[in-house]
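# Descriptive structure summary
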Amino acid sequence: MNCNKIEDQLIDHFLNILNQEDRVKLDSHLGLCLKCQQKLESFKKAWTLLEKWEPVIPPSDLRQIKQEVMDNIRAQNLIEEKSSKESFLPTIESEKRKAQIGRQKTSKVLLWKTIINNKITASATAAAIVIGILLGVNFIVKLSAPRVAWGKLVERIENIDFYTFRSRSISLDIHGTFVGQQTSHFYVCKDGFRMDRHFPWINYDIIQYTSWLDKTFISVHPEIKKYTRTLLTDEYINRMHFREDPRLSIKMFMSYNYTKLGRKFVDGQEAEGIEINDPKFGKFGFEGCIAQIWVNVDTNLPVLLELEGTSGHGIVETKVIFENFKWNGEYDESIVEPDLSEYSLVAEVESMPVNEESVVLALHKFSELANGKYPSSLANSSATVEIIMTYLKIHKEKMRRGFLFWEEEDFDWEGYTALHSLLNTTCTFYAELFNTDKEVVYHGEKVTADDSDLPLMRWKITDDKYRILFSDLTIEDVSAEQLAELEEALNS
Amino acid sequence: MTTYSDEQLMSSLIKDGDIEAFEELLTRYERPLLIYIFRLMGDYHSAQDLFQETFYRIFKHRKSFDPKLRFSTWAYRIATNLCINELKSKTHTSEMLIEDINPGKIFSRWPLNRKSNPSPEEKLIKKDLEEKIRDLVKSLPEKLRSIFILSRYQELSNREIAKILEIPLGTVKSRLRQSFKLLFKLIEKRGLIDEL
């Protein structure tokens, strides 16, 4: 055998692509040729050397990457779901909008009832399969299975001392573009709660501790070792308690009329669901909202809570999912008490009372920052995102890494923290007017600080009087006729 | 969930929109695909981005998945195409890229395998060696590099590689041979044989 040909065959031997006939020839040649034996040894060494490259990925990286991929996929899925619905165009009038959402959601319920009552699909199992196919969910109905005692749900969850859960939210505007997306882990106990928030769109984490005892809200930025503190008033604590503890939300949901949804498996647990779709139901930081609660049929405790809400006159649609509930888990105090020894306090503000003065101040501060623009919506879900978006715009040019304006050395922490607190107060003020049928309307998407005499916000104060907050942030009380004239000017 | 084949999970994703099936596929392929992309790109940060893009495309184009293919073939194909396009779009030459990379930075995020509990000295030596191998593989032209990595490190069969890259089996073999020849020359030239 020719030594020049051997090189290829030696390589083929390592690559495991040498046929049997050539292998025999190679072996017999190697037995006779010292030069080729030396070549073989060198190849062996090189082959072994190349084997020594074994990158190991830290498990924490794997978890984070997976989380980011799934967040994006769920958002993409939501966009696809939306684009497949033919009637998603938003309507300006809130009643129309709520009715529209009602139609979309009720259709699933109707479908369920239709199939259950259909003689052809009278078998519960068949119905479950059909629904499963139509909705992309695995429904299984056991005729003799335990049932959820819905009437006792509130009492059961109120007796829980410590629990944890995860929430995911995705906000999209009318074009299906992201305006906000985050995941959070919550740890709730009787003294307060902790929220670990992750913003996948800017890859940033914030941990927030709320203590009912200390009356503080602490926002920790682990990456830059900084934190801010907001001192809370009792009035604010009551409202916050309601907003952040899903037990209270569930309690409120259960006071509305609901429709039973049947059963499905949630995280491997058999659960029974209900849907709340009352036109008056919208207190969860949204203007219009539909909620579904799924409860484990064995433990009778919630396993999944889903909210779908609109805000900003239908401009923003948000979906929030509360899942991975662990009720009465092991309570470790350090979970809800921050160790701030290595962190520096960069801002401390006090929460403002929920009144007109705070609203005026919040809108003034926001417009100063946003070149005369006001927040387009006063729904909590989108206003927070608007603050971040506004800061992003301001800091876009000097940002070092992605969007992280928080990292800048000269960042105005006081102003940022105060604006957050103020706008939160403003959203609460707006939500309360909305929920007490005060005919509140906010025109932030149309009106700027540069406009003269245009109504920015209005609400009813007596049977025939309305209070108007004008574009220059002055306040005036007007009659219904005067209001109509002013709003006509706005529309023209 | 783990009892289902990759292809059954794909079918569940396509027909029922089952996101959990997608999540299971992601769990199964996260580690091997991310390591593959890292080896191909030689840069962990690009690898993370391209990995995410790969799975985004898998989801977005799920309906165009050819059921005659294995899921792994399709996933590796998407990842390879994305990486090759990315490599082509870079204006620097391979050599310049190697110079640009700060290996300390990359490898600080890639702890060495702890199973064997190496001493600090051993760790340093291994890290240094891994960087040298990474540079070697990165010196291969793109066409050869993907084939070599798929074969040597991802341990895929030549037939599978041919399907992933949509080239004849004979081409896979000849390119594998060519890549080893080039690597061997470089190993000799850089005196790395004696490192073992």
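Procedures and definitions
- Residues numbered from 1 in each chain as written.
- Chains lettered and ligands numbered in written order.
- Predicted model: local features only at pLDDT ≥ 70, side-chain atom pairs only at ≥ 80, totals over all residues.
- Helix = DSSP H or I, 4+ residues; strand = E, 2+ residues; numbered from the N terminus.
- Buried ≥ 20, exposed ≤ 12 C-beta atoms within 10 Å, placed from the backbone.
- Contact = placed C-beta atoms within 7 Å.
- Axes fitted to C-alpha atoms, helices over the stretch in contact; angles between N-to-C directions.
- Parallel < 35°, antiparallel > 145°, perpendicular 65-115°, else oblique.
- Left-handed = near helix turned anticlockwise from the far one by under 90°.
- Nonpolar A, V, L, I, M, F, W, Y, C, P; charged D, E, K, R; others polar.
- Pairing = 2+ DSSP bridges.
- pLDDT = per-residue confidence, 0-100.
- Core = buried A, V, L, I, M, F, W, Y, C linked by C-beta atoms within 7 Å.

### Things to note about the overall build of chain A
- Helix and strand counts for chain A stand at 13 helices and 16 strands.
- Across the 492 residues that make up chain A, the buried fraction comes to 33%.

### So, the overall build of chain B
- The helix and strand inventory of chain B stands at ten helices and zero strands.
- For chain B, the α and β elements follow one another from N to C terminus as α-α-α-α-α-α-α-α-α-α.
- Burial status across chain B gives 33% buried among its 196 residues.
- The contacts in chain B between residues at least 6 apart in sequence include a share of 62% that link residues at least 24 apart.

### Focus: the packing of helix 2 (residues 19-41) of chain B against helix 8 (residues 142-153) of chain B
Residues and elements named next belong to chain B.
- Across the interface, helix 2 lies against helix 8 with an axial gap of 10 Å and an inter-helix angle of 140°. Here helix 2 is positioned oblique relative to helix 8, judged by the angle of their axes. Taken as a pair, helix 2 and helix 8 cross one another with a handedness that is right-handed. Between helix 2 and helix 8, the residues in contact are Y36, R39 and L40 and R145, S146, I149 and Y153, respectively.
- Residue composition of the contact of helix 2 with helix 8, by class: four nonpolar, one polar and two charged.

### Side note on the sheet that holds strand 16 (residues 475-479) of chain A
All names here are of chain A.
- Judged by pairing direction, the sheet is antiparallel, and its four strands sit side by side in the order 13-14-15-16 without closing on themselves. In the strand order of this sheet, the two ends are held by strand 13 (441-442) and strand 16, each with one partner.
- Bridging between strand 13 and strand 14 (residues 455-462) involves two bridges; their strand directions are antiparallel. Across the sheet, the residue bridging to Y442 is M457, located in strand 14.
- Relative to strand 16, helix 13 (residues 480-491) is tilted by about 115°, and along the sheet it contacts strand 14, strand 15 (465-470) and strand 16.

### A closer look at the interface of chain A and chain B
- Each side of the interface is counted separately: chain A has 33 residues, and chain B has 42 residues.
- Every element with two or more residues in the side of chain A that touches chain B is listed here: helix 1 (3-14), helix 3 (34-50) and helix 4 (59-84) of chain A.
- For the side of chain A that touches chain B, the per-class residue count stands at 19 nonpolar, six polar and eight charged.

### Here's the deal with the environment of R239 of chain A
- You can see R239 of chain A is positioned in helix 8 (residues 234-244).
- With 189 residues separating them in the primary sequence, R239 of chain A and T428 of chain A have C-alpha atoms 8.2 Å apart.

### What about the confidence of the model for chain A?
Residue and element names in this part refer to chain A.
- Averaged over all residues, the pLDDT of chain A equals 76, while 76% of them reach at least 70.
- Low pLDDT (under 50) marks residues 85-145, which in the prediction has 70 contacts with non-local residues, meaning those over four places away or in another chain.
- Per-residue pLDDT stays below 50 along residues 399-403; that stretch engages in eight contacts with residues further than four places along the chain or on separate chains.

### A short note on the pairing of strand 4 (residues 204-211) of chain A
Residue and element names in this part refer to chain A.
- Note: strand 3 (residues 192-199) against strand 4, eight bridges, orientation antiparallel. The residue bridging F193 from the neighbouring strand is T210, located in strand 4.
- Inspection of the sheet shows strand 4 paired to strand 5 (residues 216-221) by five bridges, in the antiparallel sense. Of the residues in strand 5, the one forming a bridge with Y209 is I218.
- Between strand 4 and the antiparallel strand that follows it, strand 5, lie four residues; K215 among them carries a positive phi value of about 55°.

### Points about the nonpolar core
- In terms of nonpolar packing, the biggest core is built from 56 residues, with L33, I37, A47, A75, A79, I147 and L183 of chain B touching the most fellow members.
- A total of twelve residues in this core trace back to one element, the largest contributor, which is helix 2 of chain B.
- In this view, L183 of chain B contacts A46 and L50 of chain A together with L136 and L140 of chain B; residues no more than four positions away in its chain are not counted.
- Counting residues in hydrophobic clusters, the runner-up holds 33 residues, among them L363, Y391, L433 and L469 of chain A.

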